[in-house]
Amino acid sequence: PALAALPHLYQDSVRDYLGYCQNPPDDDEQAPRKGLREGSLRTRVFLLRYMAAILLQAGWPGDALTSVNDLVEPDALDVLLKYKAPAPDGTGRAQYLVRIVVLKSIAKYWAAAPDEVVKSLSRIINRHSKKSHSMAPSNRRKLIMLSGSEVRAKLFTLAPRVSGGTRPTVRETVGMSA
């Protein structure tokens, strides 16, 4: 639904929260360092409307939804985290992660939720986000290129060539490394 169709107290809280996201106070140690860009703010408005609609559809009374802070209450989180959770094959993971990241941001910077809520959301983000491995893609490509049998044979015969000793043939070397 449109923001205007949601409870008035929730609308006011969304406006306050968006103002905070756009211009975070400098004197607040918990505040983000920079304000969100216009596109990020539009996405945030959509997600706040969407999550409120999820709660209302789940049976929350309209007068119980009074603030953005209500989204990170334990009962609300139970509903929001179960709604369209990613499939085991990863389908829906990106949309789910965006919602969880926004909830974590609200919990950490806006609602001053307990640390356990923030840590729980962080664990969910880590579990569902793509894992990056320590090897850079360029190094991975180089390793694949160097792990071929011909390259290994050349590297294996490099020491005898440098020292002036006899070198085995490539066929002999490939047979040894296999």
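Heads up: the structure comes first, above all this text.
In this report, we go over the structure that sits alongside the text. For clarity, every value in this text was computed on a predicted model and none was experimentally measured. (Residues numbered from 1 in each chain as written. Predicted model: local features only at pLDDT ≥ 70, side-chain atom pairs only at ≥ 80, totals over all residues. Heavy atoms only, no water.)

**Regarding the overall build of the protein chain**
Here is step 1 of the chain: Helix and strand counts for the protein chain come out as nine helices and zero strands.
Here is step 2 of the chain: The helix and strand sequence of the protein chain, counted from the amino end, reads α-α-α-α-α-α-α-α-α.
Here is step 3 of the chain: Burial statistics for the protein chain: of 178 residues in total, 30% are counted as buried.
Here is step 4 of the chain: Sequence-distant contacts in the protein chain: of pairs separated by 6 or more residues, those separated by 24 or more amount to 52%.
Here is step 5 of the chain: Per element, the accessible surface of the protein chain, about 11,900 Å² overall, is 55% carbon and sulfur. (Helix = DSSP H or I, 4+ residues; strand = E, 2+ residues; numbered from the N terminus. Buried < 20%, exposed > 50% of the residue type's maximum accessible area, 1.4 Å probe, protein only. Contact = heavy atoms within 4.5 Å. Areas by Shrake-Rupley, 256 points an atom, 1.4 Å probe, with all protein chains shown as cover.)

**Overview of the packing of helix α4 (residues 93-110) against helix α5 (residues 115-128)**
Here is step 1 of the chain: Their axes nearest at 9 Å, the elements α4 and α5 cross at an angle of 160 degrees. The angle between α4 and α5 falls in the class roughly antiparallel. Two packed elements cross with a definite hand, and for α4 against α5 that hand is left-handed. In this structure, α4 uses Arg 93, Tyr 96, Leu 97, Ile 100, Val 101, Leu 103, Lys 104, Ala 107 and Lys 108 to contact α5, whose residues at the interface are Val 117, Val 118, Leu 121, Ser 122, Ile 124, Ile 125 and His 128.
Here is step 2 of the chain: Partitioning the contact of α4 with α5 into residue classes produces 11 nonpolar, two polar and three charged. (Axes fitted to C-alpha atoms, helices over the stretch in contact; angles between N-to-C directions. Parallel < 35°, antiparallel > 145°, perpendicular 65-115°, else oblique. Left-handed = near helix turned anticlockwise from the far one by under 90°. Nonpolar A, V, L, I, M, F, W, Y, C, P; charged D, E, K, R; others polar.)

**Observations regarding the side chain of Ser 105**
Here is step 1 of the chain: As for its placement among the helices and strands, Ser 105 is situated in helix α4.
Here is step 2 of the chain: Every residue in contact with Ser 105, bar those within four places of it in the chain, is listed here: Tyr 17, Arg 44 and Trp 110.

**A word on the nonpolar core**
Here is step 1 of the chain: Counting residues in each nonpolar core, the largest one holds 36 residues, and the members touching the most others are Tyr 10, Leu 48, Leu 71, Leu 103 and Ile 106.
Here is step 2 of the chain: Here Leu 71 is in contact with Tyr 10, Leu 48, Met 51, Ala 52, Leu 55, Ala 76, Leu 77, Leu 80, Leu 103 and Ile 106, once residues within four sequence places are set aside. (Core = buried A, V, L, I, M, F, W, Y, C linked by side-chain atoms within 4.5 Å.)

**Examining the packing of aromatic side chains**
Here is step 1 of the chain: For the coordinates displayed, the defined rule picks out four aromatic pairs.
Here is step 2 of the chain: Seen from their ring centres, Tyr 17 and Trp 110 are 5.4 Å apart, and the 70 degrees between their planes marks the pair as edge-to-face. With Tyr 17 in helix α1 (residues 8-22) and Trp 110 in helix α4, this residue pair connects regions lying 93 residues apart in the sequence.
Here is step 3 of the chain: The exposure class assigned to Tyr 17 is buried, which follows from its relative accessible area of 1%. (Phe/Tyr/Trp six-rings, centres within 6.5 Å; stacked < 30°, edge-to-face > 60°.)

**Quick notes on the pattern of salt bridges**
Here is step 1 of the chain: Inspection of the entire model under this criterion finds two salt bridges.
Here is step 2 of the chain: Residue Arg 15 is joined to Asp 12 by a salt bridge in which the shortest nitrogen-to-oxygen separation is 3.1 Å. Note that Arg 15 and Asp 12 are positioned in helix α1 at a spacing of three residues, about one turn of the helix.
Here is step 3 of the chain: On the accessibility criterion, Asp 12 (40% relative accessible area) is partly exposed.
Here is step 4 of the chain: Here Glu 116 makes a salt bridge to Arg 123, at a shortest N to O gap of 3.1 Å.
Here is step 5 of the chain: Judged by its relative accessible area of 47%, Arg 123 falls in the partly exposed class. (Salt bridge = Lys/Arg side-chain N within 4 Å of Asp/Glu carboxyl O.)

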